[in-house]
Amino acid sequence: MAPSLQPHVTSDSFFHTTSPPRPVSSNSPATPVIVYFISGNPGLISYYYPFFTYLSAKLQSLSSKQKKDHQFHIYGHSLAGFEVQSPLPTHYHNVEDQIRFIQRKLDSFVQATTQPSPTTNVRSRVILMGHSVGTYIAMEVIRRHRERSTSDHSNTGGFDIIGGVMLFPTVMDIASSPSGKKLTTLLSIIPPLALVVSVFARILTTLLPDFALRTLIKLFMADPPSQAIDTTCAFLKSHSEVTASKAAGMVMDIIAD
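Here the structure is a predicted model, which means the values were calculated and not measured.

**Q** Help me understand the UniProt feature "transmembrane region" (unreviewed entry) in the protein in this model?
**A** Under the UniProt annotation, "transmembrane region" (unreviewed entry) lies at residues 33-57 and 183-204. Helix and strand shares over residues 33-57 are 36% and 24% respectively, and the end C-alpha atoms of the span are 15 Å apart.

Given below as structure tokens:
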């Protein structure tokens, strides 16, 4: 059965496949290495599309220099509740929810992109790559996958996690960091801070025309790339009444841990 998931780029997910450096025999197709990316907070995968483009090109270049052929599946999806194209979330997703969400997404992605062979028992190989809070989620997914492997090897989704790449990991004691102290103080003064910010964001997105909103975001984010401005605008306009609540809630979960 051929894989059912095709390469694509949307506001909520990214999937790209590098080409094998040399022709591959149909009798012994190379098993792609899956690079599954877990975003930081806020959990918008489209912030990382330029990075994915560079990563794909670099992997393609490096694999062509190896003696053994390697093909890569590069995939990432926005965190639960942060999807721009999905309906308004019915509840807030905490960090534990995000870990379970990533586990389900990873399992389903491997199943959708793996072509089973009746003659071989080759398991898919997965490398988890996380950024910021995504590194914490990645480490938890790896730990739980190993626990599943120990208890029941057949219950690991037919794949092995062979490594992890942690980009700018979350500070272990984030509440004691300079930014954490400022946020903790601010929340002690204004407990419903997330609600206040989300209402303010909703007012801005309702009243300001697109060019004014883009200018404000550009100033606030210190002149970021245009792609980052587009992503932020789309996010604010999608579910502006809960945008800040979700992001701030995840931060508070990390501080509490």
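**Q** Explain the packing of aromatic side chains here, please?
**A** Aromatic rings considered in pairs are described by the distance between their centres and by the relative angle of their planes. Under the defined criterion, the tally for this structure stands at 12 aromatic pairs. With a centroid separation of 5.1 Å and 80 degrees between ring planes, the pair formed by F37 and F52 is classed as edge-to-face. Separated by 15 residues along the polypeptide, F37 in strand β3 (residues 33-38) and F52 in helix α1 (residues 49-63) bring together distant segments of the chain. Here F37 falls in the buried class, since its relative accessible area comes to 2%. When its relative accessible area of 0% is taken as the criterion, F52 is described as buried.

**Q** Would you explain the packing of helix α2 (residues 95-113) against helix α3 (residues 133-151) in this entry?
**A** When two helices pack together, their arrangement is given by the angle between the helix axes and by the axis-to-axis distance. The geometry of α2 relative to α3 is characterised by a closest axis approach of 10 Å and an angle of 60 degrees between their N-to-C directions. The angle between α2 and α3 places the two elements in the oblique class. Pair α2 / α3 crosses with right-handed handedness. Between α2, through V95, E96, Q98, I99, R100, I102, Q103, L106 and D107, and α3, the contact on the second element is made entirely by Y136, I137, E140, V141, R144 and R148. Class assignment of the residues belonging to the contact of α2 with α3 gives a composition of seven nonpolar, two polar and six charged.

**Q** Help me out: how do you make sense of the packing of helix α6 (residues 210-220) against helix α7 (residues 226-238) in this one?
**A** Two elements in contact, α6 and α7, have axes separated by 10 Å at closest approach and are oriented at 115 degrees. Like other packed secondary-structure pairs, α6 and α7 cross with a definite hand, here right-handed. Of α7, the residues touching α6 (which contributes D210, L213, R214, I217 and K218) are S226, I229, D230, T232, C233, L236 and K237.

**Q** Help me understand a nonpolar patch on the surface, please; the structure alone is not making it clear to me.
**A** A cluster of nonpolar side chains, L186, I189, I190 and V196, forms an exposed patch at the surface whose accessible area comes to about 340 Å². When you line up the elements, V196 lands in helix α5 (residues 193-207).

**Q** What's the story with the pattern of salt bridges in this structure? I'm lost.
**A** Any two side chains of opposite charge can pair, on the condition that their charged atoms come close. Scanning the model with the defined rule gives nine salt bridges in all. Note that R143 and E140 form a salt bridge whose closest N and O atoms lie 2.7 Å from each other. Taken together, the residues R143 and E140, both in helix α3 and three residues apart, mark about one turn of the helix. Residue classification places R143 among the partly exposed positions, given a relative accessible area of 39%. Salt bridges linked by common partners bring E96, R100, E140, R143, R144 and E147 together as one network.

Scoring rules and cut-offs
For every chain, the first residue of its written sequence is number 1, and the numbers climb from 1 along that sequence. Residue-level local features of this predicted model are given only where pLDDT is at least 70; pairs of side-chain atoms are given and counted only at 80 or more, and the full residue set underlies all totals for whole chains, interfaces and linings. Remark: hydrogens and water are excluded; side-chain values derive from all non-hydrogen atoms of the structure. UniProt positions are given in the numbering used here, feature names are shortened, and annotations may be inferred rather than shown by experiment. Helix and strand assignments follow DSSP, with helices taken as H or I runs no shorter than four residues and strands as E runs no shorter than two, numbered in order from the N terminus. Stacked, tilted and edge-to-face are the three classes applied to pairs of Phe, Tyr and Trp rings, where Trp contributes its six-membered ring and a pair requires centres within 6.5 Å; stacked means planes under 30 degrees apart, edge-to-face means over 60, and tilted covers the rest. Exposure classes here rest on a 1.4 Å probe applied to the protein chains alone. A residue is buried below 20% of its type maximum, exposed above 50%, and partly exposed in between. Each axis is a line fitted through C-alpha atoms, and for a helix only the stretch in contact is used; angles between axes span 0 to 180 degrees, taken between their N-to-C directions. Small angles under 35 degrees read as roughly parallel and large ones over 145 as roughly antiparallel, with 65 to 115 read as roughly perpendicular and the rest as oblique. Left-handed describes a crossing whose near helix is turned anticlockwise from the far helix by less than a right angle; the clockwise case is right-handed. Here, residues are in contact when the closest pair of their heavy atoms is within 4.5 Å. Think of it as three bins: nonpolar holds Ala, Val, Leu, Ile, Met, Phe, Trp, Tyr, Cys and Pro, charged holds Asp, Glu, Lys and Arg, and polar takes everything else, Gly as well. In this scheme, patches are assembled from residues that exceed 30% relative accessible area and form no salt bridge. Like charges are connected within 9 Å, while nonpolar side chains (Val, Leu, Ile, Met, Phe, Trp, Tyr) are connected within 5 Å. Only the protein chains shown count as cover for residues, with accessible areas throughout obtained via the Shrake-Rupley method and a probe of 1.4 Å. Any carboxyl oxygen of Asp or Glu that lies within 4 Å of a side-chain nitrogen of Lys or Arg is treated as forming a salt bridge with it.

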